[in-house]
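The primary structure of each chain is shown beneath.
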Amino acid sequence: MKRFLALIMLLCLVLCGCSTDTLPQSDKLQIVCATFPAYDFAREIAGDKAEITLLIKPGAEVHSYEPTPKDVVRIQESDLFICNGGESEEWLEALLRENMNVVYMMDCVETVAEEEKEGMYVHGEEEGEEELDEHVWTSPVNAALISKEICSRLCEIDAENAALYTANSDAYTAQLMVLDADFHRVIDNAPHKTLVFADRFPMRYFTKEYGLEYFAAFPGCASETEPSAKTVAFLIDRVREEKLPAVLYMEFSNQKMADVICEDTGCVKLPFYSAHNITAEQFEAGVSYLDLMRINLETLKEALY
């Protein structure tokens, strides 16, 4: 609630002209994206026809982001704003002006609820609460649906370049479908069908898409980072009983839990990317959603075999 009130005050300051932030003028379409997946999909579709801004900077924690006055202006002056939607971004609604072009990625796909799996550490008021899993982009099939909606909206906004956006969208969808087929090939032929995440679990849409079982320390948007001894012991038992060769950790993880499990079981730890954000170095190198998912594909070749 305090965060929401602070954002309202920030919005009032911007609207009243108390901010000295100004934005450079450009003839290109202005697309503003709340998160990296939205940013990456937009740049694949729009190409050089748009100036694309990523609000949550590379390396930043997605769940603690608060907009600056300049961010508010960027959002409100954008030709297209792309965000995830869902409860974690409810505060954004106060910043959106009427008749804005907004793509909510969660509206592009069929959503599912977060799960409280056996052994998962769920603390306090989070326990028993059913919330939609907001990590919809983690399935390449969903990524294709989101990208198509972005294309459709760009074609409406800028009909003059609709053929280019459509061609870009078709080409990107083809790449996503090749990736999808590669995931199916690796997973369908694997001797194991279970993954153990010594971390938060933002991959529900991914595991659902490919028929994988999973166990994890925390739900996808859990505020906790320190698991109970019971949770760690449960995950160790899963690795042993299933004779799994690897335990997984997510990007930006401290990897401590994975280290404990590896020490106890003799398995290896491997990275898995949700692509919710990337490091500053990865951003400068032009790392994409496809690049991160290709790393996941290689990880599965070890974790499931």
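Residues numbered from 1 in each chain as written. Predicted model: local features only at pLDDT ≥ 70, side-chain atom pairs only at ≥ 80, totals over all residues. Heavy atoms only, no water.

Novice: Which residues make up the side chain of E251, and what are the values?
Specialist: Secondary-structure assignment places E251 in the loop between β7 (246-250) and α8 (256-265). Side-chain polar atoms of E251 contact the backbone nitrogen of S274, separated by 3.0 Å. Excluding residues that lie within four positions of it along the chain, E251 makes contacts with F272, Y273, S274, A275, H276 and N277. (Helix = DSSP H or I, 4+ residues; strand = E, 2+ residues; numbered from the N terminus. Polar contact = N/O pair within 3.5 Å; in protein donor to acceptor, adjacent residues only side chain to side chain. Contact = heavy atoms within 4.5 Å.)

Novice: Which residues make up a negative patch on the surface, and what are the values?
Specialist: The grouping of E87, E90, E93 and E131 at the surface amounts to a negative patch. Note that E131 resides in the loop between β4 (102-104) and α4 (140-157). (Patch = residues over 30% accessible without salt bridge, like charges linked within 9 Å, V, L, I, M, F, W, Y side chains within 5 Å. Areas by Shrake-Rupley, 256 points an atom, 1.4 Å probe, with all protein chains shown as cover. Salt bridge = Lys/Arg side-chain N within 4 Å of Asp/Glu carboxyl O. Lys, Arg positive; Asp, Glu negative; His and termini not counted. Charge placed at Lys NZ, Arg CZ, Asp CG, Glu CD.)

Novice: Residues and numbers for the packing of helix α7 (residues 229-242) against α8, please.
Specialist: α8 packs onto α7 with a crossing angle of 50° between their chain directions and a minimal axis gap of 10 Å. If you check the angle between α7 and α8, you find them oblique. Viewed along their axes, α7 and α8 form a crossing whose handedness is right-handed. In this structure, α7 contributes V232, L235, I236, V239 and R240 to the contact, and α8 contributes M257, V260, I261, D264 and T265. Counted by class, the contact of α7 with α8 contains 7 nonpolar, 1 polar and 2 charged residues. (Axes fitted to C-alpha atoms, helices over the stretch in contact; angles between N-to-C directions. Parallel < 35°, antiparallel > 145°, perpendicular 65-115°, else oblique. Left-handed = near helix turned anticlockwise from the far one by under 90°. Nonpolar A, V, L, I, M, F, W, Y, C, P; charged D, E, K, R; others polar.)

Novice: So, the packing of aromatic side chains: which residues are in play, and what are the values?
Specialist: According to the stated counting rule, one finds 12 aromatic pairs in the structure shown. With centroids separated by 5.6 Å and ring planes inclined at 45°, the aromatic side chains of Y39 and F283 adopt a geometry described as tilted. Taken together, the residues span a long stretch of sequence, with Y39 in helix α2 (residues 36-46) and F283 in helix α9 (residues 280-284) at a distance of 244 residues. The exposure class of F283 is partly exposed, given its relative accessible area of 25%. Residues F197 and F201 carry aromatic rings whose centres are separated by 5.0 Å and whose planes lie at 70° to one another, so their mutual orientation is edge-to-face. The pair formed by F197 and F201 is uniform in burial state, with each residue classed as buried. Three or more aromatic residues joined by ring pairs make a cluster, and in this case those are F183, F197, F201, F206, Y210, Y214 and F272. If you follow K117 out to its NZ or CZ, it ends over the ring of F215, 5.2 Å from the centre. One residue, R238, lies across the ring of F234, its end atom 4.5 Å from the ring centre. (Phe/Tyr/Trp six-rings, centres within 6.5 Å; stacked < 30°, edge-to-face > 60°. Buried < 20%, exposed > 50% of the residue type's maximum accessible area, 1.4 Å probe, protein only. Lys NZ or Arg CZ within 6 Å of the ring centre and 35° of its normal.)

Novice: Give me the lowdown on empty space enclosed by the protein, citing residues and values where you can.
Specialist: Within the structure shown, the criterion is met by 1 cavity of 30 Å³ or more. In terms of lining, the largest cavity is formed by E114, E115, M120, D133, F201, R204, Y214, P219 and G220. A per-class count over the lining of the largest cavity returns 4 nonpolar, 1 polar and 4 charged. (1 Å grid on protein atoms, 1.4 Å probe; cavity = no way out; pocket = protein on both sides within 12 Å on 5 of 7 lines; lining within 4 Å. Points joined across faces, edges and corners; volume = space filled by probe spheres on them.)

Novice: Account for helix α5 (residues 162-188), naming residues and giving values.
Specialist: In this model, α5 (27 residues) spans 38 Å end to end at C-alpha, consistent with the 39 Å of a helix rising 1.5 Å per residue. Buried within α5 are the following residues: A162, Y165, S169, Y172, T173, L176, L179, D180, D182, F183, V186 and I187. Those residues of α5 hidden inside the fold are in contact with β1 (29-33), α2, α4, α6 (204-210) and α10 (289-303). (Expected span 1.5 Å × (residues − 1).)

Novice: An account of the pattern of salt bridges is requested, with residue identities and associated values reported.
Specialist: Side-chain pairs of opposite charge can arise where the charged atoms are in close proximity. Inspection of the entire model under this criterion finds 10 salt bridges. Across the pair E115 and R204 runs a salt bridge, and its minimum N-O distance is 3.4 Å. Of this pair, E115 sits in the loop between β4 and α4 while R204 sits in helix α6, and the two are 89 residues apart along the sequence. Of the residues examined, E115 reaches a relative accessible area of 31% and is grouped as partly exposed. We classify R204 as buried; its relative accessible area is 15%. What emerges from the salt-bridge pattern is a single network uniting D182, R185 and R294.

Novice: Tell me about the pairing of β1, and please be specific about residues and values.
Specialist: Most of β1 sits out of view: 5 of its 5 residues are buried. By the alternation rule, side chains of β1 split into L29, I31 and C33 and Q30 and V32, which are all buried. Taken together, β1, α2 and strand β2 (residues 50-54) constitute a β-α-β crossover, and its handedness is right-handed. The pairing of β1 with strand β3 (residues 80-83) spans 3 bridges and is classified as parallel. Note that in β3 the partner of I31 across the bridge is L80. (Right-handed = clockwise from strand over helix to strand, strands pointing away. Pairing = 2+ DSSP bridges.)

Novice: Break down α7 for me, with residues and values.
Specialist: Its 14 residues place the ends of α7 20 Å apart at the C-alpha level, agreeing with the 20 Å of an ideal helix rising 1.5 Å per residue. Listed in full, the buried residues belonging to α7 are T231, V232, F234, L235, I236, R238 and V239. Buried residues belonging to α7 abut β5 (194-201), β6 (213-219) and α8. Phi turns positive one or two residues past the end of α7, at K243, with a value near 55°.

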